[in-house]
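Remarks on the overall topology
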Amino acid sequence: IGLSCLRLFRDLCTLSCDNKEPQLQWIQATGRFPRVLALELIADVLTSGAVMLSQWSHFRAVVADHLCPLLSRNLTSETDRRILCHTMTCVQVILGRFMKYLPEKAKVLFSLLFREIVVPPLGDTPSAASSTDAQTKQKSDG
C-alpha cells in the first residue's frame, strides 16, 4: 500500500500543475481533472497524515520533488483564490511537520509566502496609493 500511496500523491501533484498532458502513474484521468480538487485532496492527505507521513523518507522525497515546486509556483498574488487557499494549507503543514526533514524547501516556501502574500508589492501599499492620488490631484488643480 505504501507504493500506491506515493504514486497517488505524485499524480495529485501532477494534476495540480494544470499540465495539458500530465504524465500520470496511478490515476487514469479521463477528461479534465480540476486543479482545485487535486490540491484539496493533497491538503487533506497532508493535514490528516502529516505525523505519520513525515517520518517516511520516500514520502518526504515526493513532497520535496513534486509538491514543493508546485506550491512555489502557486504562491503568487495572481493565483486563483481557491487554489491559493489550499496551497497555503499545504505550506502550513510543510512548515509545521516537514521543516526538520526539508529545511531548505521550508525556507523557500516561507520566504515566498512572506514576499508574495504577506508583503504587498510596492505600488499596492496604501501609502503609495495615497501619494499617487495626491500627485494626481495636484496636477489637476495646477
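Description of the structure in this document. Note that the coordinates shown come from a computational prediction; the quantities given were computed from them, not determined experimentally.

1. As for helix α1 (residues 2-16)
Taking 1.5 Å per residue, 15 residues should reach 21 Å; α1 reaches 21 Å between its end C-alpha atoms and fits that length. When we look at burial in α1, the residues that qualify are Leu6, Phe9, Asp11, Leu12, Cys13, Thr14, Leu15 and Ser16. Where α1 is buried, its residues meet α2 (35-53) and α3 (57-74).

2. Overview of the environment of Ala43
In this fold, Ala43 is placed in helix α2. Along the primary structure Ala43 and Thr89 are separated by 46 residues, whereas in three dimensions their C-alpha atoms are 6.1 Å apart. Setting aside anything within four residues of it in sequence, one finds Ala43 in contact with His86, Thr89 and Cys90.

3. Points about the packing of aromatic side chains
Scanning all chains against the criterion turns up four aromatic pairs. A centroid spacing of 6.2 Å and a plane angle of 40° characterise the contact between Phe59 and Phe98, whose relative ring orientation is tilted. Of the two residues, Phe59 sits in helix α3 while Phe98 sits in helix α4 (residues 81-98), which places them 39 residues apart along the sequence. Each member of the pair Phe59 and Phe98 is classed as buried. Look at Phe110 and Phe114: their rings are 6.5 Å apart centre to centre, the planes differ by 20°, and that puts the pair in the stacked class. Of the two residues, Phe110 and Phe114 both sit in helix α5 (residues 103-118), four residues apart, roughly one turn of that helix. Among the aromatic residues, those joined into a cluster by ring pairs are Phe9, Trp56, Phe59 and Phe98.

What counts, and at which threshold
Residues numbered from 1 in each chain as written. Predicted model: local features only at pLDDT ≥ 70, side-chain atom pairs only at ≥ 80, totals over all residues. Heavy atoms only, no water. Helix = DSSP H or I, 4+ residues; strand = E, 2+ residues; numbered from the N terminus. Expected span 1.5 Å × (residues − 1). Buried < 20%, exposed > 50% of the residue type's maximum accessible area, 1.4 Å probe, protein only. Contact = heavy atoms within 4.5 Å. Phe/Tyr/Trp six-rings, centres within 6.5 Å; stacked < 30°, edge-to-face > 60°.

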